[in-house]
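Next come the chains, spelled out residue by residue.
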Amino acid sequence: MALPNPALSQLPDNYKYGWHDAEAKSLNIAKKGLSAEVVAEISRFKGEPEWMTKLRLKAYRHFEARPMPTWGANLAPIDFQDIYYYIAPTDKAVQSWDDVPDYIRRTYDKLGIPEAEKKYLAGVGGQYDSEVVYHNIRADLEKLGVIFMGTDQALKDHPEMFREYYGTVIPPNDNKLAALNTAVWSGGSFIYVPPGVHVELPLQAYFRINTENMGQFERTLIIADEGSSVHYVEGCTAPTYSTASLHSAVVEIIVKKGARVRYTTIQNWSHNVYNLVTKRAVAYEDAVMEWVDGNLGSRVTMKYPSIYLLGERAHGEVLSIAFAGSGQHQDAGGKVIHAAPNTTSLITSKSISQGTGRTSYRGLIKVYPGCKKARSTVRCDALILSDEARSDTYPYMEIDEEDVTIGHEATVSKVGSEQLFYLMSRGMTESEAAAMIVNGFIEPIVKELPMEYAVEMNRLIQLQMEGAVG
Amino acid sequence: MATVTVQTLQPATIAWPAIERYSLRHDEPAWLRELRRAWWERSEKTPFPTGLEEEWRRTSLQELPRDGELLDEAEFRPVLPDPRLADRGVIFSDLGTAAREHPDLVRRYLGQGEPVDSHAAFWALSQAAWTGGTFLYVPRGLEVDGTLIARITQPRSDVTFLPHTLVVAEEGSCVTFLEELVSPDGAPGWFGGTVAIHALQGSRVRYANLQRLGDAVWNVGAQRVQVGQDANVTALNTEVGSRVSKLGLDVRMDGKGGTSLLLGLLAAGDDQHIDINSLQDLSADHTTSDLLYVSALYDRARAAFYGVTRVQETARGTSSYQECRNLLLSPNAGAEPIPVLEIKTNDLLRCGHGATAGAIDPVQLFYAQTRGLDPEEAERMIVRGFFEQVIARIPVEPVRSAMLAALADRIGHVEGFDETGAAA
């Protein structure tokens, strides 16, 4: 079958696309829709090894065969044939600042975000001034033997390691959207931390200075070798403008014996985005895996960070915050699978729905037979700020071992009029008082965020609350 | 494949001719036959669960024994605390008799109201093909002292028995009703009992269902409770017997100020499988609905619970809680407690749920042993105490002792406690 864009087939195999290469722009796949040819072109365009091309095509066949999930949020409006599946980085940089919606620009102003950063966040600026910072961080990491680079680059630079781990935590046929990601993935981060190395500073995709990290189908792979530790931060609290209506990332994490990984995400996509993400970690003996997951933006998010506790005494935590304003549905949560004795887990979820927004907590605790002394606590609290908002809690539990302690508790509440009255009697306006109550509600999770994120989160809540009550 | 499941689920022996024969043989009035016919037609249009529905993922119906003949008659033994109740207008009999003797009253309530959501096909089938069950009517303003007891005993288990129980508590009335379902061990059969409770304005109803079916019986039943304005209903299910129990419970809180309390006592061992689907639907202002289900699971027993609390946009100032506790007493026992909240308004007084699963706390076990109990006695005592949190919520003597006696078959007797033998 002929390729839709004949120019693509003429690309040299070693072609490396650049940011500002005007010619590269004309070589992008400019066609909407998905087919085996498009998948093959993406792989060829990137100059990938044959095994990756084959894997992409296999995943594509799986994506085609599998039905859309019927549970959770309403995904019916997604038209898979009306989506661009590959946009080269150069393309993103040419969008106009004028195309960025007003509400996002206003939020930037109110958050006091510098001009250059605004454009970066909005996806209209390619370069960002912190390049120097980034290079210094990278030099330090290299001394320690830490690998931190774009996933595409890692496939080229570390092919053996890449192939050893890629797709082992989330196989191509795991679910329809993971299959889609495996077929068309681009961008994301690759991290390898050698045995015993502790990375002191959080690694942030933010510093990686390429627009890919905000990618539509990003693929992240993190391997923490024995006894190491790392904290990875993805996304940012400020709104991120995206023209693409579907975002479907896959994140795989391998936490080896005695290692520790924390993965922090703050997702604040613009309100046109369907954000359907598969995130999963495996934790071996004595390992600790923590997901800190914030969902503020997007039209619909379906995301349930998972942890498979495969070794004795492994510990998993999921801290989840969701904020749904009018028209938004945050269907988020966490899953922990206890597959070894003496494993422990904690899921804490705080969700807030406002206007006509809807938050859903959806989670799973599974304990396999023989996992003695497994302990798990799930705590979900929901705050509903308007009488048109909605909150759901779907906490699944499958317990097949006797010698365990498993507990789940949930509450749903509103902002009490007495609480508001008290704060207003101390001189606050109603929206300030409501914001303070909401900030107090999410404090257990916000305190786990890096400082700049926590500050920005609190300010965002304040902005969201303006006019929310009353 | 899902399509195969649908086909094989259709009951092999229940068809309209069999139902019609039953109706004619028992001299049923024409309106009742028409009502059965209407529900039969509805049942033909209502798809059976495929196993893909959320409520049906944990119980497969592939092995449902659906070849048994429709049971013609079960022994119905009513016990009234006071024989003069009939003179005061209480009607307490088997449903067939009531339909003949009090047609206007039965007709007003029988077959009214929508099926239990999760068990719609089974509800429709029971409405069409019931061949037993209880009718209880309490007139306006009458407060019945004591407990009415009905024991329904199947002569054999290898049949299909879909009894329907209808309880009507008129305005301001008050009643406690214990219904006991018994069938012999050994033979597989299908029990599909349905219960409809209409608690009218300001009434108070306590309903206790004691399920002691045979150990090879499949119990696929449903209960629907309609709680009127300012009415108060407590509904207790004690599940002791059967091989498989798959219950659907719908509580409709559509009268302002109504209150409901759903209680469950589940004691299961061997290969028993219990799966409960509850729906607490709060659509009226200032309604309160609480649920507490506790299960003690021995051997290879498994208890699944998928319960939904739904607070509608229209309901202001509601209060609800859902709690499911599982005690795992064997390494091979399993539990799947899933308490779901779907909350569509923020005008809430209280809303929450809790679920637990785990073994007996070793500290409790150790403490009991330091007081001189051997480990088995200590375990029995702790399980007994675990059930007490539910039993204490129905402080009515015949109900309490009947439940304890039935539970003792599974958990054993505890010296110094208060079992006094089966009811009646």
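Residue indices follow the written sequence of each chain, beginning from 1 at its first position. Chains carry letters and ligands carry numbers; both start at the beginning, A for chains and 1 for ligands, and go up in the order they are written. The model is predicted, so local features are restricted to residues of pLDDT at least 70 and side-chain atom pairs to those at 80 or more, both for listing and for counting; the totals for chains, interfaces and linings are taken over all residues.

1. Considerations on the overall build of chain B
Helix and strand content of chain B: nine helices and 20 strands. Radius of gyration: C-alpha atoms only; globule rule: 2.2 Å multiplied by the number of residues to the exponent 0.38. By the compact-globule yardstick of 22 Å for 424 residues, chain B fits well, its C-alpha radius of gyration being 21 Å. Classification of the 424 residues of chain B by burial places 55% in the buried group. In this description, a residue-residue contact is defined by the distance between C-beta atoms placed from the backbone, which must lie within 7 Å. Intrachain contacts of chain B at a sequence separation of at least 6 include 84% that bridge at least 24 residues. By definition, any uninterrupted DSSP run of H or I lasting at least four residues is a helix, any uninterrupted run of E lasting at least two residues is a strand, and each is numbered from the N terminus. Counting other C-beta atoms within 10 Å of a residue's own tells you its class, since 20 or more makes it buried, 12 or fewer makes it exposed, and anything in between is partly exposed; those C-beta atoms are placed from the backbone.

2. Some words on the interface of chain B and chain A
The partner chain A presents 30 residues to the 29 residues of chain B that form the contact. Mapped onto the side of chain B that touches chain A, the elements with two or more residues apiece are β19 (334–343) and β20 (348–358) of chain B. Of the residues assigned to the side of chain B that touches chain A, the class counts are 16 nonpolar, nine polar and four charged. Two strands are said to pair when DSSP picks up at least two bridges between them. Relative to β19 of chain B, strand β18 (residues 390–399) of chain A is paired through four bridges, and the arrangement is antiparallel. Looking at β19 of chain B, one finds that Asp392 of chain A is bridged to Glu342 of chain B. Residues are grouped as follows: nonpolar covers Ala, Val, Leu, Ile, Met, Phe, Trp, Tyr, Cys and Pro; charged covers Asp, Glu, Lys and Arg; every other residue, Gly included, is treated as polar.

3. A closer look at the packing of helix α3 (residues 36–45) of chain A against helix α4 (residues 50–65) of chain A
Residues and elements named next belong to chain A. Helix axes are fitted to C-alpha atoms over the stretch in contact, other axes to C-alpha atoms as well, and angles between N-to-C directions run from 0 to 180 degrees. Between α3 and α4, the shortest axis-to-axis distance is 9 Å and the interhelical angle comes to 155°. Relative to α4, α3 is oriented roughly antiparallel. Every pair of crossing elements has a handedness; the one defined by α3 and α4 is right-handed. Facing α3, whose interface residues are Ala36, Val39, Ala40 and Ser43, α4 presents Met52, Thr53, Arg56, Leu57 and Tyr60. By definition in this entry, angles of less than 35 degrees are roughly parallel, angles greater than 145 are roughly antiparallel, angles of 65 to 115 are roughly perpendicular, and the rest are oblique. Left-handed describes a crossing whose near helix is turned anticlockwise from the far helix by less than a right angle; the clockwise case is right-handed.

4. Some points on the nonpolar core
In this description, a nonpolar core means buried residues of the types Ala, Val, Leu, Ile, Met, Phe, Trp, Tyr and Cys, linked to one another by C-beta atoms lying within 7 Å. Grouped together as the largest cluster of nonpolar side chains are 246 residues, with contacts concentrated most on Ile253, Val255, Val261 and Ala283 of chain A together with Leu297 of chain B. With residues up to four places along the chain from it excluded, the contact list for Val261 of chain A reads Ile222, Ala224, Val230, Ile253, Val255, Ala281 and Met289 of chain A.

5. Some details on the packing of α4 of chain A against helix α11 (residues 176–184) of chain A
All names here are of chain A. Where α4 contacts α11, the two axes come as close as 7 Å, and the packing angle between them is 150°. In terms of orientation, α4 and α11 fall into the roughly antiparallel class. The handedness of the crossing between α4 and α11 comes out as left-handed. Contact residues: Leu55, Arg56, Ala59, Tyr60, His62 and Phe63 in α4; Lys176, Ala179, Leu180, Thr182 and Ala183 in α11. For the contact of α4 with α11, a count of residues per class yields seven nonpolar, two polar and two charged.

6. Observations regarding the environment of Phe217 of chain A
All names here are of chain A. Tracing the chain through its elements places Phe217 in the loop between β3 (203–204) and β4 (219–224). With 24 C-beta atoms packed within 10 Å, Phe217 lands in the buried category. Other than its neighbours up to four places away in sequence, Phe217 contacts Asn181, Val184, Trp185, Ser186, Ser248 and Ala249.

7. Details of the environment of Tyr60 of chain A
All names here are of chain A. Structurally, the position occupied by Tyr60 is in helix α4. Judged by the 22 C-beta atoms lying within 10 Å of it, Tyr60 falls in the buried class. Sequence spacing of Tyr60 and Pro159 is 99 residues, and the spatial spacing of their C-alpha atoms is 22 Å. For Tyr60, the residues in contact, after removing those within four places along its chain, are Ala36, Val39 and Ala183.

8. Observations concerning unusual backbone geometry
A positive phi angle, close to 60°, is found at Lys373 of chain A, a residue other than glycine. Assignment of secondary structure puts Lys373 of chain A in the loop between β16 (358–367) and β17 (374–384). Phi at Asp230 of chain B takes a positive value of approximately 55°, unusual for a residue other than glycine. Note on placement: Asp230 of chain B falls in the loop between β11 (217–227) and β12 (232–239).

9. Here's the deal with the pairing of strand β18 (residues 318–328) of chain B
Residues and elements named next belong to chain B. Burial analysis of β18 places eight of its eleven residues in the buried class, which makes it a mostly covered element. Relative to β18, strand β16 (residues 288–297) runs parallel, the two sharing ten bridges. Its bridge partner lying in β18, Asp290 is registered against Tyr321.

10. Considering helix α14 (residues 451–465) of chain A
In a helix, the anticipated span is given by 1.5 Å times the number of residues less one. Helix length check: α14 of chain A, at 15 residues, gives a terminal C-alpha distance of 21 Å against a target of 21 Å (1.5 Å per residue), a fit within 8%. The set of residues buried in α14 of chain A consists of Tyr453, Glu456, Met457, Leu460, Ile461, Gln464 and Met465 of chain A.

11. Digging into α4 of chain A
One turn of an α-helix holds 3.6 residues; hence residues three or four places apart share an orientation. Residue and element names in this part refer to chain A. In a regular helix each residue adds 1.5 Å, so 16 residues correspond to 22 Å; α4 covers 23 Å between its end C-alpha atoms and thus fits that length. Every buried residue of α4 is listed here: Leu55, Arg56, Ala59, Tyr60, His62 and Phe63. Buried residues of α4 fall within an arc of 165° about the axis and therefore sit on the same side. Set apart from the buried face of α4 by more than 90 degrees, the exposed residues are Glu50 and Ala65. In this structure, the buried side of α4 is in contact with α3 and α11. By arc we mean the arc of the directions from the helix axis to the C-beta atoms, nothing more.

12. Examining the pairing of strand β10 (residues 204–212) of chain B
All names here are of chain B. With eight of nine residues buried, β10 is to be regarded as a mostly interior element. Here nine bridges tie strand β7 (residues 174–182) to β10, and the two strands are oriented parallel to one another. Across the sheet, residue Glu180 finds its bridge partner in β10, namely Leu210. The pairing of β10 with β12 spans eight bridges and is parallel. Each residue of the ladder has a partner; that of Tyr207, found in β12, is Ala235.

13. Some remarks on the confidence of the model for chain B
Residue and element names in this part refer to chain B. Scored between 0 and 100, pLDDT is the confidence that the predictor attaches to each residue. Of all residues in chain B, 95% have pLDDT values of 70 or greater, and the mean over the chain is 92. Every residue in residues 1–8 is under pLDDT 50, and counting partners more than four places away or in other chains gives nine contacts. Low pLDDT, under 50, characterises residues 418–424; the stretch is placed with 19 contacts to residues that sit more than four places away or in other chains. Model confidence for the complex is summarised by a pTM of 0.86, with the ipTM given as 0.83.

14. Regarding the confidence of the model for chain A
Residues and elements named next belong to chain A. Residues of chain A with pLDDT of at least 70 account for 80%, and the chain-wide mean is 83. Every residue in residues 124–133 scores below 50 in pLDDT, and together they form 20 contacts with partners more than four places removed in sequence or on other chains. Here residues 207–214 scores under 50 on pLDDT; set against residues more than four positions off or in separate chains, the count is 28 contacts.

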